[in-house]
Amino acid sequence: MIIIQSFLKALGQIGDPRFRKVLLLGVGLTFALLIAAYAGFLWLINMLVGEQATLPIVGEVTWLNDLLSVSSFLLMMVLSVFLMIPVASAITSMFLDEVAQAVEDTHYPNLPPATRVPFGDALRDTLSFLGVLIVANLLALILYAFFTPFALFIFWGMNGFLLGREYFTLAAMRRLGREGARKLRAKHATTIWVAGILMAIPLSVPLVNLLIPILGAATFTHIYHGLSDSRS
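Residues numbered from 1 in each chain as written. Predicted model: local features only at pLDDT ≥ 70, side-chain atom pairs only at ≥ 80, totals over all residues. Heavy atoms only, no water.

Caption draft 1: The side chain of Q101, seen in detail. With respect to the helices and strands, Q101 occurs in helix 4 (residues 96-107). Owing to a relative accessible area of 18%, Q101 belongs among the buried residues under this scheme. Contact partners of Q101, with chain neighbours within four places excluded, come to R18, A114, R116 and R174. (Helix = DSSP H or I, 4+ residues; strand = E, 2+ residues; numbered from the N terminus. Buried < 20%, exposed > 50% of the residue type's maximum accessible area, 1.4 Å probe, protein only. Contact = heavy atoms within 4.5 Å.)

Caption draft 2: Structural view of the nonpolar core. Residues F19, L96, L163, Y167, F168, F220 and I223 are the most contacted members of the largest nonpolar core, which totals 45 residues. With 13 residues, the top contributor of residues to this core is helix 6 (residues 151-187). (Core = buried A, V, L, I, M, F, W, Y, C linked by side-chain atoms within 4.5 Å.)

Caption draft 3: Layout of a nonpolar patch on the surface. A cluster of nonpolar side chains, namely V135, L139, I142, L143, F146, F147, F150, L152 and F153, defines an oily patch on the protein surface of about 970 Å² accessible area. Of all the secondary structure elements, the ones that give two or more residues to the nonpolar patch are helix 5 (119-146) and helix 6. Of the residues forming the nonpolar patch, the biggest block, five residues, is contributed by helix 5. Secondary-structure assignment places F147 in the loop between helix 5 and helix 6. Of the residues examined, F147 reaches a relative accessible area of 43% and is grouped as partly exposed. (Patch = residues over 30% accessible without salt bridge, like charges linked within 9 Å, V, L, I, M, F, W, Y side chains within 5 Å. Areas by Shrake-Rupley, 256 points an atom, 1.4 Å probe, with all protein chains shown as cover. Salt bridge = Lys/Arg side-chain N within 4 Å of Asp/Glu carboxyl O.)

Caption draft 4: The arrangement of the packing of helix 6 against helix 7 (residues 189-200) in detail. Relative to each other, helix 6 and helix 7 sit at 130°, their axes nearing to 6 Å. Overall, the two elements helix 6 and helix 7 adopt an arrangement that is oblique. Crossing geometry of helix 6 relative to helix 7 is assigned as right-handed. Its residues assigned to classes, the contact of helix 6 with helix 7 shows 13 nonpolar, five polar and three charged. (Axes fitted to C-alpha atoms, helices over the stretch in contact; angles between N-to-C directions. Parallel < 35°, antiparallel > 145°, perpendicular 65-115°, else oblique. Left-handed = near helix turned anticlockwise from the far one by under 90°. Nonpolar A, V, L, I, M, F, W, Y, C, P; charged D, E, K, R; others polar.)

Caption draft 5: Broad picture of the environment of E104. Tracing the backbone through its elements, the reader meets E104 in helix 4. The exposure class of E104 is buried, given its relative accessible area of 1%. Those residues in contact with E104 that lie beyond four places of it in its chain are P109, L111, A114, R174, R175, T221 and H225. Here the side chain of E104 touches R174 through a polar contact of 3.1 Å, side chain to side chain. (Polar contact = N/O pair within 3.5 Å; in protein donor to acceptor, adjacent residues only side chain to side chain.)

Caption draft 6: Representation of the packing of aromatic side chains. Tallying each qualifying case throughout the model produces four aromatic pairs. Centre to centre, the rings of F153 and W156 are 5.5 Å apart; their planes meet at 80°, and the pair counts as edge-to-face. A residue pair is termed a helical-turn pair when its members lie 3 or 4 positions apart in one helix, as F153 and W156 do in helix 6 at three residues. Looking at F153, the relative accessible area reads 55%, which means it is exposed. (Phe/Tyr/Trp six-rings, centres within 6.5 Å; stacked < 30°, edge-to-face > 60°.)

This is the structure:
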C-alpha cells in the first residue's frame, strides 16, 4: 500500500540533519507562539479588569485578577493539548520545501530541480493554514463536549482531512504548480484523507507527536511521487 510504503521510507530518513533543523524550528516557533498568545491574553485581562474590580454588593475585590490569571493559565494548558500540534503542523508546513528536497535528494536523485515556493507565498499559505486549523479545532471543542465518546475520532477525522489536504498540496505543487496539485489531490482525495488520518492519530501521543509533522511532510512527498508515477 502506497501510504505504508511512503511512511516507512520517511521513517528511515528521520536522522537527516535537515529533518532535525525543521523539527527544532517548528517546535521552537510553536512554543513561542503559545507563550505570546498567553501573554497577550493576560494583558487583555489586566486591561479589562485592572488590579482590582468592583462587584455588586461585594464592592471592591483585589483577588479577581489573580483568579482570572490562574484560570486563564489552566485554560491555556487545556487548549494547548488540542492546539499545539495543529499549530506545529502549520508552522512545519512553511518549511516543507526543505524536507521535500531532502527526500528527493535521497530517493529521487534524477529529478530536475523543483520550483521553490517563494518565502512570501509560503508564509501566506502557512498563516492561512494556521488560521483554518485553529478555528476548526476551537469549533471542534464544542463537538467534543456533545459527543465526548467520539472526541478522538472527530479529532482524527477533521485534522486528518486538513493535514492531508495541505501537506499533499504543498508537496505536489513544487512539481505541478498550485492548479496541478489541486487536480491530483481531487483525483486521489480518499487516499490523501486516509494518509492524513494516519498522520493525525499519533498526534494524541505525547512526545511522539512532535515528530509527526516532519514525518508527515516526508510521507506526503513520497505519496505524491507514488501517485504521480501511477499516472504515467
